[in-house]
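Coordinate inspection notes
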Amino acid sequence: MAVLDILTYPDERLRQASDRVQRFDVALQARIDDLEETRKAGPGAVGIAAPQVGWFERVIIVDVSGRKKTRSHGHLILVNPEITEWDGFAMGREGCLSVPGIYESVRRFQHVRVSSLDRDGNETEVEAFGLLAVCIQHEMDHLDGKLFVDYLSELKRQRIRKKMEKGRRDTATSRSGVSGTPSII
């Protein structure tokens with residue numbers, strides 16, 4: 001198993017829609033294991049979607065079992081998930097491994113029923129409430145090239161984008177060993 005690099009906003013690859021999984025084989029199992037290892041390595045990550053690591057197939061992993069006040073199914077691996085029922089609304093603060101350090105309130109369904117396949121290709125259905133429902137919706141958005149920042153105002157998105165781009169530049173500068181203002185030659 002490996003911890004994979006996570007794509008970060010505003011990387012355009014995060015906007016790519018994912019394809020349905022067609023083959024349930026050893027290669028898929030290995031990719032799911034790597035995705036889970038990457039989720040566990042993320043600070044406080046309760047979910048991850050395959051597109052966040054540049055794998056554009058419809059796979060998400062959610063685990064809110066360690067969170068207080070959750071009616072949890074524990075650890076979920078959902079392949080080709082589809083929301084079949086939903087109701088109620090809730091506002092809650094969300095963060096994302098692909099938008100590190102940013103937390104904003106987003107409106108989501110409070111209850112969802114999800115039809116999917118498990119990691120072996122068997123049909124499964126999950127009824128989720130509260131945090132679990134929110135996490136599933138958040139991760140499923142990634143499968144369609146959508147991020148939680150898309151629910152925010154244009155002004156907030158611009159500020160977040162600038163902050164993320166600055167962070168990338170600062171990281172690139174520190175990796176290259178260059179500090180201060182670059183020279184123009």
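Residues numbered from 1 in each chain as written. Predicted model: local features only at pLDDT ≥ 70, side-chain atom pairs only at ≥ 80, totals over all residues. Heavy atoms only, no water.

Turning to the sheet that holds strand β2 (residues 59-63), a few remarks are in order. Across the sheet, which stays open at both edges, the five strands sit in the order β1-β2-β3-β4-β5 with antiparallel pairing between neighbours. Unpaired on one side and paired on the other, β1 (47-49) and β5 (123-129) mark the two borders of the sheet. Taking the axes of each pair of neighbouring strands and ignoring which way they run, one obtains an average angle of 40 degrees across the sheet. As paired elements, β2 and strand β3 (residues 75-96) share five bridges and run antiparallel to each other. Looking at the pairing, I60 lines up with L78 of β3. Strands β1, β2 and β3 of the sheet are contacted by helix α1 (residues 26-41), whose axis makes an angle of about 40 degrees with β2. (Pairing = 2+ DSSP bridges. Helix = DSSP H or I, 4+ residues; strand = E, 2+ residues; numbered from the N terminus. Axes fitted to C-alpha atoms, helices over the stretch in contact; angles between N-to-C directions. Contact = heavy atoms within 4.5 Å.)

Attention shifts here to the pattern of salt bridges. Using the criterion set out here, one finds 16 salt bridges in the structure. Across the pair E127 and R113 runs a salt bridge whose closest N-O atoms are separated by 3.4 Å. You can see E127 sitting in strand β5 and its partner R113 sitting in strand β4 (residues 99-117), a full 14 residues away along the chain. Judged by relative accessible area, E127 falls into the partly exposed class, the value being 30%. Its relative accessible area of 19% is what places R113 among the buried residues. Taken together, the salt bridges that share partners define one network made up of E85, R113, E125 and E127. (Salt bridge = Lys/Arg side-chain N within 4 Å of Asp/Glu carboxyl O. Buried < 20%, exposed > 50% of the residue type's maximum accessible area, 1.4 Å probe, protein only.)

Before going further, it helps to examine unusual backbone geometry. Peptide bonds are, in most cases, trans, and in most cases residues other than glycine have a negative phi. Residues Y9 and P10 are joined by a peptide bond in cis, for which omega reads 15 degrees. Tracing the backbone through its elements, the reader meets P10 in the segment before α1. A positive phi angle, close to 55 degrees, is found at N80, a residue other than glycine. Residue position: N80 is located in strand β3. Taking the relative accessible area as the measure of exposure, N80 reaches 4% and is therefore buried.

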